[in-house]
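# Chain and residue survey
The chain contents come next:
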Amino acid sequence: MHIETEVLIIGGGVTGTGVMRDLALRGINCCLIDRADLCSGASGGNHGLLHSGCRYVSNDLHSAMECRKESAILKTIVPQCIEDTGGLFVAVKGDDLLFAEKFPEYCETASILCESLTPRQARELEPLLSKDIIQAFRVPDATIDPFRLALLNVADAGRNSDSSYYPHTELLNFSLEKGTITTAVCRDNKTGKKTTIHAKQFINAGGAWAMEIACLAGCEDVSLLYSKGSLLISHDRLTNHVINRLRPPGDGDILVPGGTVSVLGTTSVRTDNLNDIRPTVPEIDKNVLEGAAMIPALATTRYIRAFSGVRPLLQSGGSGDDREATRGFALFDHEGQNISNFCTITGGKLTTYRLMAEKTADLVARRLNNSTPCRTHLNLLVDDESCRWTEPGASPKYWYQSNDPDNMILCECEMVPQSAIDEIISGAPGYEKEMTLEAIALRSRAGKGPCQGSFCGIRIASHLYDRDFYTDQTGLTHMRNFFDERFKGTRTITWGAQAAQMELAEAMHCGLLGLDMIDEPSGEK
Ligand SMILES: Cc1cc2nc3c(=O)[nH]c(=O)nc-3n(C[C@H](O)[C@H](O)[C@H](O)COP(=O)(O)OP(=O)(O)OC[C@H]3O[C@@H](n4cnc5c(N)ncnc54)[C@H](O)[C@@H]3O)c2cc1C
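Notes on the structure in this doc start here. Only a predicted model underlies this, so the values are computations on that prediction, with no experimental measurement involved. Note on numbering: residues in each chain are counted from 1, in written sequence order. Given that the model is predicted, a residue must reach a pLDDT of at least 70 before its local features are reported, and side-chain atom pairs must reach 80 or more before they are shown or counted; all residues, however, enter totals for whole chains, interfaces and linings. With hydrogens and water set aside, each side-chain value is computed from the structure's full complement of heavy atoms.

## Some words on the environment of Leu437
Numbering of helices and strands runs from the N terminus; a helix is a DSSP stretch of H or I covering at least four residues, while a strand is a stretch of E covering at least two. On the secondary structure map, Leu437 appears in helix α11 (residues 437–442). When the C-alpha atoms of Leu437 and Ile421 are compared, they prove to be 10.0 Å apart, with 16 residues separating the residues in sequence. Once residues within four sequence positions are removed from consideration, Leu437 is found in contact with Gly457, Ile460, Ala461, Leu464, Tyr470, His478, Met479 and Phe482. Contacts were defined at the residue level, with two residues in contact if any of their heavy atoms lie within 4.5 Å.

Structure representation (C-alpha cells):
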C-alpha cells in the first residue's frame, strides 16, 4: 500500500492525536500511524490526573505553571472528558512539617489556588482519610479520560480535514534524500505487509520510543531516560477528590478517582526495556503500603488490576533522581541534525498535551507556509457518539435510555450493550476486516470491571462470530490474546476475592474453552 499526505505523525498517544487535530484545524491534512492502537503507550498507562500543578510546585515551578494554565483550558474545551473532582493534599503523622508549612507559599508562587483545611474538615469531605492526618489543603485537581480524549481528537481531525488514522502501522525506516525525509517505510502489524507513506513533513510523537524513532533518521539529539510507573485499580471508588500526599513527590502518594473505581500510584523505577513493561509485586506492595498511610482502607480493599507505563524523561544532568527530572516537554527541530522536514515532540504530561501539540503544529505549519493560527485553546472539542463508551459508569444510562429488549448486555460488570459494540466497530478505522477484542476494550469499558473480561470476552467474540467478523479459529486466537493481556494486569494482585475470580476465569478459559491449547502462528502451543 502507498499513502500520500502532507504530514505524517508517528505515534497515536494523546500528543500525536493532539497534533493531528491542531493541524486539521489549520487546514493541513495528515496521516497518523501507531504500531498498535491509540493510547498504547503512556497515554493508556497513566493516572488520569488533570494536574492543577500543585504536585510540582516545590520542585518544578515551570511545569507547575504550565499544568495550571493547560488544565484550565482543557476544563473549558473538553469538559466531557473531565470530572472536576477537586483535590486534597494531606500530611500524616511523621511527614515533614516544614514542607507542609511552605506548601501554600509554593502554590502562591505558581498562582495556584490552595485552601487550608483542618484535619476534621478534610475528613468530613473524605471520610476514609486516616485519623493520623495532621494537615490538609484543597486544590483545583481534576481527572481526565485519555482514551476518550484521543478518540475525540482523531474524530475531530477527520471532520475538519482529509486526515486519517492507521492503527497497527509501525514505522520501520525512513528514506532520505539530500537532507529531507521522502518516505516512511512501515509494516502493517496485522498482515505483515509493507506500507510506504510519502509526506512533506514528518513528526515523531513516539513518547518513550521517540529516541529510537529519531535515530531511524540518523538524528542523535534526542536523549531520554525511561522511568516505569506502576499503578493499581480498586474495585470501588474510594474517594471523591484526588488525594495527594503532602510531601515531595514519592511512591504511592496519589489516589485518583476514575468514575466507578480509584487508581493508586505510582512508583518510579528506571528501566531500559520499553517492550515488556509490567508491574511487579514489590511495586504493588510499595504503593499499597504508602497509600494506606493516607487512606487505611487501601490496605484491605479489593484490587482488580495493576498496570504500568513509561515516562520518557529528558536528560538534563541533574541529581540522577528520576523524581527530580523535569516533567516539561521538548520539541526537537531536527534541522540542527541536517534533516529539514522532521521534528520530535516528547516528554511532558497528559495535562500539557495540547500545548505540546500547539508548539509542534506551529513549527510544521511555518515550514509549510501556512499562517493559520492555533485554535485548539478556543474551539470546543465536539463530542462524537462512538467515543462516549469509555466513560466509566455511563453505559447503564445509555442502555436504559435505549429501552430496547433486544439490545443484549455483553459486558455485565460495566453494562456494555451489543449496540455499543456495533457502534464502536462502525467507527473504528483500520478494523473493517478483522475487529479485535483489544480494540473494542480500548474504545469502551468492556473487560474493565471485576471479572477483567472473563465473561464479556467470550460474549463479545460470539457476537463477532454472529456478525461474520470471525469465521474460523481466528476468533479464539483473539480471545486468547485478549485474556493474556488482561491477565498481565491481574497476576500481581491475585489475592482475596480477585484470586477466586481468576480461578474461575482459568477454569472457563483453559478447562472449558481450551484456549491454552491453541496453536501460535509459529506452530508452538
Ligand atoms: C505511570 C505514569 C503515570 C502518569 N500519570 C499522569 C497523570 O496522572 N497526569 C498527567 O498529566 N500525565 C501523566 N503521565 C504522563 C502522560 O501519561 C504522558 O505524558 C503522555 O501520555 C504521553 O503521551 P504521548 O502521546 O507523548 O506518548 P505515548 O502515549 O507513549 O504515545 C507514543 C505512541 O507511539 C507509538 N509508537 C512507538 N513506536 C512506534 C513506531 N515505530 N511506529 C508507530 N508508532 C509507534 C506507541 O505505540 C505509542 O502509542 C503519567 C505517565 C506515566 C508513565
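Next comes the rest of the write-up.
## Section: helix α10 (residues 418–427)
Three labels apply to residues, based on accessible area from a 1.4 Å probe with only protein chains included: buried if under 20% of the type maximum, exposed if over 50%, partly exposed otherwise in between. Looking only at α10, the buried set comprises Ala420, Ile421, Ile424 and Ile425. Along the axis of α10, the buried residues cluster in a sector spanning 135°; they form a single face. Buried residues along α10 sit in contact with β23 (409–411), β24 (416–417), α11 and α12 (456–466). What the arc describes is the spread of directions from the helix axis to the C-beta atoms.

## Section: the packing of aromatic side chains
To describe a pair of aromatic rings, you give the distance between the ring centres and the angle between the ring planes. Each Phe, Tyr or Trp ring (for Trp, its six-membered ring) is paired with any other whose centre lies within 6.5 Å, and the angle between the two planes then decides the class: stacked below 30 degrees, edge-to-face above 60, tilted in between. Under the criterion given, the structure shown has 11 aromatic pairs. Plain terms: the ring middles of Trp389 and Tyr398 are 5.2 Å apart, the flat faces sit at 75° to each other, and that makes the pair edge-to-face. Given a relative accessible area of 15%, Tyr398 falls into the buried group. Ring pairing ties together the aromatic residues Phe89, Phe99, Phe103, Tyr106 and Phe137, which thus form one cluster. Above the plane of the ring of Tyr398 lies Arg388, whose end atom (NZ or CZ) is 4.4 Å from the centre. Only lysine NZ and arginine CZ atoms are considered, and such an atom sits over a ring when it is within 6 Å of the ring centre and within 35 degrees of the ring normal. Here Lys448 stacks its cationic end above the ring of Phe147, 5.2 Å away from the centre of that ring.

## Quick look at the nonpolar core
The nonpolar side chains of a soluble globular protein tend to be buried, and buried together. Definition of nonpolar core: a set of buried residues of the types Ala, Val, Leu, Ile, Met, Phe, Trp, Tyr and Cys, connected through side-chain atoms within 4.5 Å. Ranked by internal contacts, the top residues of the largest apolar core, which has 42 residues, are Ile9, Leu23, Val78, Leu149 and Ile203. When residues of this core are traced back to their parent elements, those giving at least two are β2 (7–10), α1 (14–25), β3 (30–33), α2 (61–77), β9 (142–144), α5 (146–160), β22 (342–347) and α8 (353–367). With eight residues, α8 is the single largest residue contributor to this core. Setting aside residues up to four positions removed in sequence, Val78 forms contacts with Leu149, Leu152 and Leu381. Formed by 31 residues, the second largest nonpolar core is a distinct cluster that contains Ile10, Ile33, Leu314 and Phe342.

## Observations concerning the pattern of salt bridges
Within this document, salt bridges are pairs made up of a side-chain nitrogen of Lys or Arg and a carboxyl oxygen of Asp or Glu, the two lying within 4 Å of each other. Scanning all chains against the criterion turns up 31 salt bridges. With a shortest N-O distance of 2.8 Å, Asp362 and Arg26 are connected by a salt bridge. Of this pair, Asp362 sits in helix α8 while Arg26 is found in the loop between α1 and β3, placing the two residues 336 residues apart along the sequence. Judged by relative accessible area, which is 5%, Arg26 ranks as buried. For Arg445, the salt bridge identified is with Glu414, shortest N-O distance 3.1 Å. A residue pair is termed long-range when its members are at least 10 positions apart, and Arg445 in the loop between α11 and α12 and Glu414 in the loop between β23 and β24 qualify at 31 residues.

## Overview of the site of the ligand
The near set for a molecule or strand comprises every residue that places at least one heavy atom within 4 Å of it. In the vicinity of the ligand lie 36 residues, with Thr15, Asp34, Ser43, Leu49 and Thr351 positioned nearest. As used in this structure description, the phrase polar contact means that two N or O atoms lie within 3.5 Å; if the pair is within protein, one of them must be able to donate a hydrogen and the other to accept it, and residues adjacent in sequence are counted only when both atoms belong to side chains. The separation between an oxygen atom of the ligand and a polar side-chain atom of Asp34 is 2.6 Å. Here an oxygen atom of the ligand sits 3.4 Å away from a polar atom, N or O, in the main chain of Gly41. Only the protein chains shown count as cover for residues, and the accessible areas themselves come from Shrake-Rupley with a 1.4 Å probe. Across the complex, the protein chains shield 96% of the 1,000 Å² of accessible surface that the ligand would expose by itself.

## Examining the packing of α2 against α8
Note on definitions: angles span 0 to 180 degrees between N-to-C directions of axes, and those axes are lines fitted to C-alpha atoms, for helices only across the stretch in contact. In contact at an axis separation of 8 Å, α2 and α8 are set at 95° when each is read in the N-to-C sense. On the basis of the axis angle, α2 is roughly perpendicular to α8. Between α2, through Glu66, Glu70, Ile73, Leu74 and Ile77, and α8, the contact on the second element is made entirely by Tyr353, Arg354 and Leu355. Just so you know how the angles are binned, under 35 degrees is roughly parallel, over 145 roughly antiparallel, 65 to 115 roughly perpendicular, and the rest oblique.

## Here we look at the side chain of Asp95
Its location among the elements puts Asp95 in the loop between β6 (87–92) and α3 (97–109). By relative accessible area, Asp95 is classed as buried at 12%. Leaving out residues up to four positions away in the same chain, Asp95 has contacts with Val90, Arg245 and Leu246.

## Details of the sheet that holds β9
With antiparallel pairing, three strands are arranged side by side in an open sheet as β4-β9-β5. In the strand order of this sheet, the two ends are held by β4 (49–50) and β5 (82–83), each with one partner. Pairing between strands requires that DSSP locate at least two bridges from one strand to the other. Note that β5 and β9 share two bridges and pair antiparallel. Looking across to β9, one finds that Glu83 is bridged to Thr143.

## Digging into the layout of surface pockets
Rolled over the atoms, a probe as big as a water molecule pinpoints where empty space is left. In this analysis, the protein atoms alone were mapped onto a 1 Å grid. Cavities are point sets where a 1.4 Å probe fits without being able to get out; pockets are open sets with protein on both sides within 12 Å along at least five of seven lines; lining residues have an atom within 4 Å of a point. Grid points are joined across faces, edges and corners, and a volume is the space filled by probe spheres set on the points. Taken as a whole, the second largest pocket holds about 410 Å³ of empty space. Together, 18 residues line the second largest pocket, and Phe483, Phe487, Glu506, His509 and Cys510 are the ones closest to its centre. Secondary-structure elements contributing two or more residues to the lining of the second largest pocket are α13 (474–490) and α14 (496–512). When residues of the lining of the second largest pocket are assigned to their parent elements, the largest contribution, seven residues, is made by α14. Of the residues that constitute the lining of the second largest pocket, the class distribution is eight nonpolar, four polar and six charged. For this scheme, ten residues count as nonpolar: Ala, Val, Leu, Ile, Met, Phe, Trp, Tyr, Cys and Pro. Four count as charged, namely Asp, Glu, Lys and Arg, and the remainder, Gly too, count as polar.

## Details of empty space enclosed by the protein
For the coordinates displayed, the defined rule picks out one cavity of 30 Å³ or more. A volume near 40 Å³ is recorded for the largest cavity. As for the largest cavity, its lining consists of Gly18, Arg21, Ile77, Asn153, Tyr353, Arg354, Ala357 and Thr376. Here the lining of the largest cavity gets three residues from one element, more than from any other, and that element is α8. Counted by class, the lining of the largest cavity contains three nonpolar, three polar and two charged residues.

Read these as geometric descriptors, not functional statements.
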